[in-house]
Amino acid sequence: MKKIKIVGINKNSIAEELEIKPNSYLISVNDEEIYDILDYKFQISDEYVTIVIEYNGEITEYEIEKDVNEDIGLVFEQELIDNPRRCMNKCVFCFMDQLPNNMRDTLIFKDDDYRLSFLTGNYVTLTNCKEEDIDRIIKYRLSPINISVHTTNTELRKKMLNNKNAGNVLGYIQKLYDNQIYMNGQIVLCPEYNDKEELIKTVNDLSKYYPYMESISIVPVGLTDYREGLVSLRPFTPEEMKDIITDIEKIQATLYEKYGSKVVYLSDEFYLKSNTPLPPYEHYEEFPQLENGVGMASLFISQFNERLKELEKENIQPKNNKVSTITGIISKDIITECSKILQEKYNVEILVYPIVNDFFGHNITVTGLLTGNDIYKQLKDKDLGERLYICSNMLKDDEDIFLDNMLVTELSQKLGTEITIMYNNGGTFVDQMLGI
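Bear in mind the structure is a predicted one, so any value in this text is a computation, not a measurement.

Enquirer: Can you break down a negative patch on the surface residue by residue, with the values?
Expert: Together, Asp46, Glu47, Glu65, Asp67, Glu70 and Asp71 give the surface a local cluster of negative charge. Within the secondary structure, Glu47 is located in the loop between helix 2 (37-43) and strand 3 (48-55).

Now the structure itself:
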């Protein structure tokens, strides 16, 4: 029987109340053996749960009465209990294959696990899934599942993913649709591969599964300087991006008339890199794929303006006199314009420094992929004011460390200035720049 190591107990949890100790082992839940996190979450979801724990060779059974879906508070050695599934694809556009060799292990491990899609929002290709895996998704009602589709052309998908098992994605999507499992689709768009007629076909194919295919995002391929030995790819030109916007707007209009939802959305890069005005806040409906860079800029501007309106009702005096902030090249105009508004309205000096991405290459322009060393090299002789503000999306989720392993404290010491981390929110930007 599989024994699952417990490495921690959450504070104020049922497990703490029962005095279950770290370095114990979970033996079973409701007399059922647990193979992975899905089994565990399914079994503990009831109001009455029985768990068997081993500690120092002694077996104890606990009968628990709790709220439905309330967690017990056990922390396991591995998030999934089981090992995560490694990606078996060799996608022509894979960003992970374009990383330099000195990246930390957690960044270069390529997972493709439907369980992580449910738990953390990762996108999965379903190429390493079997029918029994799809049946488990249905059994446990894992929803939504985020699916990297890229194309519904069977042979093209096999070619783009370099995987002979990549052709059955529509079969799996149909089964999930038939069983009312919600999904989000993703298309990484590559010139001369899945664009133009292929893109229109893919969007039309996927939109037929609405409302269970809740949304479809389209993002342009990201290309670093580390593509030696990889398939030749190029970025889209601004003119091509404008053509893509035009094509998708036509589809959005048709889908909105049919469903009352646009369903498909382009990432912000298409608008910003082609100098096309951003769609308004309302365009993105419920912002279903915000983490994919879809609508992030419009949301930021809306939050910024809403916070300014709130402050008009208050007699706010900024505590900052002169501060600095950084941004990726793609969002420099937005951050500069917002800073200009604050400077004129509140008489605070805000120095905005766009950072060129030398680490990954100049094709990478988003703020979230900036590194500590690039920031240091480009700011070391600059006036940073009272403090430097940086966005949290540059850092590891659970640690203040950049992608190149430089700590925020190290950057602060090297620059000789205080660094404040702020969330990527327009309202937060106002408050932080003003020091309120």
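Enquirer: Describe the pattern of salt bridges, listing the residues and the values that go with them.
Expert: Considering all chains together, one arrives at 23 salt bridges under this definition. With its nearest N and O atoms 2.7 Å apart, the salt bridge here joins Asp36 to Arg136. Linking Asp36 in the loop between strand 2 (24-29) and helix 2 with Arg136 in helix 5 (residues 131-139), this pair joins segments that are 100 residues apart in sequence. By relative accessible area, Asp36 is classed as buried at 3%. When salt bridges with common partners are traced through the structure, they connect Asp36, Asp39, Asp82, Asp113, Arg115 and Arg136 into a single cluster.

Enquirer: Residue-level account of unusual backbone geometry, with values.
Expert: Along the chain, Ser143 connects to Pro144 via a cis peptide bond; the corresponding omega equals 0 degrees. Following the sequence through the fold, Pro144 ends up in the loop between helix 5 and strand 7 (145-148). Following Tyr210, the chain continues into Pro211 via a peptide bond in cis, with omega recorded as 10 degrees. In this structure, Pro211 sits in the loop between helix 8 (197-207) and strand 9 (213-220). Non-glycine residue Asn69 carries a positive phi angle of around 70 degrees. Note that Asn69 resides in the loop between strand 4 (58-65) and strand 5 (74-76). According to the relative accessible area criterion, Asn69 is exposed, its value standing at 61%. Not every positive phi belongs to a glycine, and Arg141 is a case in point at roughly 55 degrees. With respect to the secondary-structure elements, Arg141 resides in the loop between helix 5 and strand 7.

Enquirer: Outline the packing of aromatic side chains, listing residues and values.
Expert: This structure, assessed with the given rule, holds 13 aromatic pairs. Ring geometry for Tyr210 against Tyr259: centres 4.7 Å apart, planes inclined by 40 degrees, an arrangement best described as tilted. Here Tyr210, found in the loop between helix 8 and strand 9, pairs with Tyr259, found in helix 9 (residues 238-259); they are 49 residues apart in sequence, far enough to count as distant. A relative accessible area of 21% means that Tyr210 is categorised as partly exposed. Taken together through their ring pairs, the aromatic side chains of Tyr177, Tyr182, Tyr209 and Tyr212 make up a single cluster.

Enquirer: Can you explain the packing of helix 5 against helix 7 (residues 169-178)? Please cite residues and give values.
Expert: One way to put it is that helix 5 packs onto helix 7 with a least axis distance of 10 Å and a crossing angle of 25 degrees. On the basis of the axis angle, helix 5 is roughly parallel to helix 7. Where helix 5 crosses over helix 7, the two elements pack in a sense that is right-handed. Here Glu131, Ile134, Asp135, Ile137 and Ile138 of helix 5 lie close against helix 7, whose contacting residues are Tyr172, Lys175 and Leu176. A class-by-class count of the residues in the contact of helix 5 with helix 7 yields five nonpolar, no polar and three charged.

Enquirer: So what's going on with the nonpolar core? Residues and values would help.
Expert: Judged by nonpolar contacts, the single largest core of 68 residues is most densely connected at Leu26, Tyr40, Ile51, Ile72 and Ile218. For this core, the element with the highest residue contribution is helix 9, accounting for six residues. The contact partners of Ile51, leaving out residues within four places of it in the chain, are Ile20, Leu26, Ser28, Val29, Thr60, Glu61, Tyr62, Ile64 and Ile72. Residues Ile335, Leu342, Tyr389 and Met422 belong to the second largest nonpolar core, which totals 21 residues.

Enquirer: How would you summarise the sheet that holds strand 13 (residues 387-391) if you had to cite specific residues and measurements?
Expert: Reading across from one edge, 12-11-13-14 is the order of the four strands in this open sheet, with parallel pairing throughout. Each edge of the open sheet is held by one strand with a lone partner, namely strand 12 (349-355) and strand 14 (418-422). Neighbour to neighbour, the strand axes of the sheet diverge by 25 degrees on average, direction disregarded. Judged from the seven bridges that link them, strand 11 (residues 322-328) and strand 12 form a sheet pairing that is parallel. Opposite Val323, over in strand 12, you have Ile350 as the bridge partner. Across the face of the sheet, helix 12 (residues 332-346) comes into contact with strand 11 and strand 12 while running at roughly 175 degrees to strand 12.

Enquirer: Describe in detail the environment of Phe42, supporting the description with residues and values.
Expert: Positionally, Phe42 belongs in helix 2. Each C-alpha atom of the pair Phe42 and Ile187 lies 31 Å from the other, and the pair is 145 residues apart in sequence.

Enquirer: Got a sec to walk through the environment of Ile27? Specific residues and values, please.
Expert: By the element assignment, Ile27 lies in strand 2. The spatial distance from the C-alpha of Ile27 to the C-alpha of Arg234 is 53 Å, given a sequence separation of 207 residues. Those residues within four positions of Ile27 in sequence are excluded, and the remaining contacts are Met1, Lys2, Lys3, Val52, Ile53, Glu54 and Ile59.

Enquirer: Go over the sheet that holds strand 4 with me, naming the residues and quoting the values.
Expert: The strand order across the open sheet formed by five strands is 4-3-2-1-5, and the pairing between neighbours is antiparallel. Each having just a single partner strand, strand 4 and strand 5 make up the two edges of the open sheet. Across the sheet, the mean angle separating the axes of adjacent strands is 45 degrees when strand polarity is ignored.

About the thresholds
- Residues numbered from 1 in each chain as written.
- Predicted model: local features only at pLDDT ≥ 70, side-chain atom pairs only at ≥ 80, totals over all residues.
- Heavy atoms only, no water.
- Patch = residues over 30% accessible without salt bridge, like charges linked within 9 Å, V, L, I, M, F, W, Y side chains within 5 Å.
- Areas by Shrake-Rupley, 256 points an atom, 1.4 Å probe, with all protein chains shown as cover.
- Salt bridge = Lys/Arg side-chain N within 4 Å of Asp/Glu carboxyl O.
- Lys, Arg positive; Asp, Glu negative; His and termini not counted.
- Charge placed at Lys NZ, Arg CZ, Asp CG, Glu CD.
- Helix = DSSP H or I, 4+ residues; strand = E, 2+ residues; numbered from the N terminus.
- Buried < 20%, exposed > 50% of the residue type's maximum accessible area, 1.4 Å probe, protein only.
- Phe/Tyr/Trp six-rings, centres within 6.5 Å; stacked < 30°, edge-to-face > 60°.
- Axes fitted to C-alpha atoms, helices over the stretch in contact; angles between N-to-C directions.
- Parallel < 35°, antiparallel > 145°, perpendicular 65-115°, else oblique.
- Left-handed = near helix turned anticlockwise from the far one by under 90°.
- Contact = heavy atoms within 4.5 Å.
- Nonpolar A, V, L, I, M, F, W, Y, C, P; charged D, E, K, R; others polar.
- Core = buried A, V, L, I, M, F, W, Y, C linked by side-chain atoms within 4.5 Å.
- Pairing = 2+ DSSP bridges.

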